[in-house]
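# Structural overview for review
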Amino acid sequence: MKAAGWGFEEVTAERVVLVSDDGEVLAGTGARHIEYPIHSEVMKRRPDVGAVVHTHALSSVAFASLDVPLRALSHDGAWFAEPDIARFSATGSLVRTAELGAALACAIGDGPGCLIPNHGLVTVGASVAEAVMGAVVLERACKVQLAAMAAGGPQVWSDKEEVELKQRGVDAGTDQRRLRLPVPRCGRRPQLAPRLDELVFERERRGAGARRDTDLREDVGEVA
Ligand SMILES: [Zn+2]
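Computed from a prediction, not measured in an experiment: that's the story for all the values here.

A few words on the overall build of the protein. A count of helical and extended segments in the protein gives nine helices and six strands. The buried share of the protein, taken over its 224 residues, is 29%. Across the protein, every contact between residues at least 6 apart in sequence was considered, and the portion connecting residues at least 24 apart equals 62%.

Right, let's get into helix α4 (residues 98-108). Burial in α4 covers these residues: Gly-101, Leu-104, Ala-105 and Ile-108. In a view along the axis of α4, the buried residues occupy a sector of 100°, so they form one face of it. Downstream of α4 by one or two residues, Gly-109 has phi in the positive range, about 60°.

Bringing helix α5 (residues 128-150) into the picture now. With 23 residues, α5 should cover 33 Å at 1.5 Å per step; its first-to-last C-alpha distance of 33 Å lies within 8% of that length. If you check which residues of α5 are buried, you get Ala-131, Gly-134, Ala-135, Val-137, Leu-138, Glu-139, Ala-141, Cys-142, Val-144 and Gln-145. Lining the buried residues of α5 we find β3 (51-55), α2 (58-64), α3 (75-78), β5 (113-116) and β6 (120-125).

As a rule of thumb, nonpolar side chains are buried together in soluble globular proteins. One finds Val-52, Leu-104, Ile-108, Cys-114, Val-122 and Ala-141 to be the most contacted residues of the largest nonpolar core, which totals 38 residues. At the level of secondary structure, the elements contributing two or more residues to this core comprise α1 (36-45), β3, α2, α4, β5, β6 and α5. When residues no more than four places from it in sequence are discounted, the contact partners of Cys-114 are Ile-85, Ala-86, Arg-87, Phe-88, Leu-104, Ala-107, Ile-108 and Val-122.

Attention now goes to the packing of α1 against α4. When two helices pack together, their arrangement is captured by the angle between the axes and the distance separating the axes. Closest axis-to-axis distance for the α1/α4 pair is 8 Å, and the angle between their directions is 55°. As summarised for this structure, α1 and α4 are arranged oblique, according to the angle between their axes. The chirality of how α1 crosses α4 is right-handed. Between α1 and α4, the residues in contact are Pro-37, Ile-38, Ser-40, Glu-41, Val-42 and Arg-45 and Ala-98, Leu-100, Gly-101, Ala-102, Leu-104, Ala-105 and Ile-108, respectively. A per-class count over the contact of α1 with α4 returns nine nonpolar, two polar and two charged.

An order of β3-β6-β5-β4 is seen for the four strands of this open sheet, with the pairing classed as mixed. Looking at strand neighbours, the two that pair on one side only are β3 and β4 (86-87), the edges of this open sheet. Pairing of β3 with β6, which is carried by five bridges, proceeds in the antiparallel orientation. Each bridged residue has a counterpart across the sheet, and for Val-52 the counterpart in β6 is Val-124. Taken strand by strand, α4 contacts β4, β5 and β6, and its axis lies near 120° from that of β5. Its contacts with the sheet put α5 on β3, β5 and β6, and the angle it makes with β6 is roughly 145°.

Time to look at unusual backbone geometry. Omega for the peptide link from Glu-82 to Pro-83 comes to 5°, which places this bond in the cis form. In this chain, Gly-153 is followed by Pro-154 through a cis amide linkage whose omega measures 0°. Its location among the elements puts Pro-154 in the loop between α5 and α6 (160-168). Phi at Asp-67 is positive, roughly 55°, even though this residue is not glycine. Mapped onto the elements of the fold, Asp-67 is located in the loop between α2 and α3. A tally of 10 C-beta atoms within 10 Å means that Asp-67 is categorised as exposed.

Now for the confidence of the model for the protein. Predicted confidence across the protein gives a mean pLDDT of 83, with 75% of residues reaching 70 or more. Across residues 187-196 the pLDDT falls below 50, and counting only partners more than four positions away or on other chains, this stretch makes 15 contacts in the model. The low-confidence segment residues 208-224 (pLDDT under 50) makes 26 contacts with residues lying over four places distant or belonging to another chain.

With that settled, consider the pairing of β6. By the criterion of burial, β6 is predominantly enclosed, with six of the six residues buried. By the bridge criterion, four bridges tie β5 to β6 in an arrangement that is antiparallel. By the bridge assignment, Gly-113 is partnered in β6 with Thr-123. In this antiparallel pair of consecutive strands, β5 and β6, the connection spans three residues, and Asn-118 shows a positive phi of 65°.

Rules and cut-offs
Residues numbered from 1 in each chain as written. Predicted model: local features only at pLDDT ≥ 70, side-chain atom pairs only at ≥ 80, totals over all residues. Helix = DSSP H or I, 4+ residues; strand = E, 2+ residues; numbered from the N terminus. Buried ≥ 20, exposed ≤ 12 C-beta atoms within 10 Å, placed from the backbone. Contact = placed C-beta atoms within 7 Å. Arc of directions from axis to C-beta. Expected span 1.5 Å × (residues − 1). Core = buried A, V, L, I, M, F, W, Y, C linked by C-beta atoms within 7 Å. Axes fitted to C-alpha atoms, helices over the stretch in contact; angles between N-to-C directions. Parallel < 35°, antiparallel > 145°, perpendicular 65-115°, else oblique. Left-handed = near helix turned anticlockwise from the far one by under 90°. Nonpolar A, V, L, I, M, F, W, Y, C, P; charged D, E, K, R; others polar. Pairing = 2+ DSSP bridges. pLDDT = per-residue confidence, 0-100.

Have a look at this one:
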């Protein structure tokens, strides 16, 4: 794991230590993080996990304090909604013991990570890159929902089926066919298509009288 005392951007191969399950530094010369049981206990229980990230990221801590479900307001949220991301609430203090680490691993289960109210977040992945990306995306999802809630929302978010499609990474075109949703032509949403009289007004306002009505009809988009 990363040696203690270094920022993420300062980590080099020399600033990494190999730590046993009981916290002994087996290789490397750096100091060991106090919260090593988060990493060791999760990896002990999840053979599919090759890396664990733990941070005290601002938006995740603020969002976790609200004790509300994380919704798929954005693509980011879809990673951690349906089911709602786990919470480890046994303590908001540092996870210093194997017992607490094991309880946290239990809370994560087979999921992608957890929020720790009054503390931070944990994400897991098959690789360092995957776990780090998870942490970045989770923090962003929390930030988006905080913004929506501060504005009086949210009112809409992706439902379970849409979230599952996003989680599987299915491309947008296939999504539409599978869900049997009407696919707006030209990528326009029907309710947002400009009306013909609005386009005429716009043309007159700009003094661009050279365009023909057929051009205007094309702008309307032949929406289904
Ligand atoms: Zn911590």
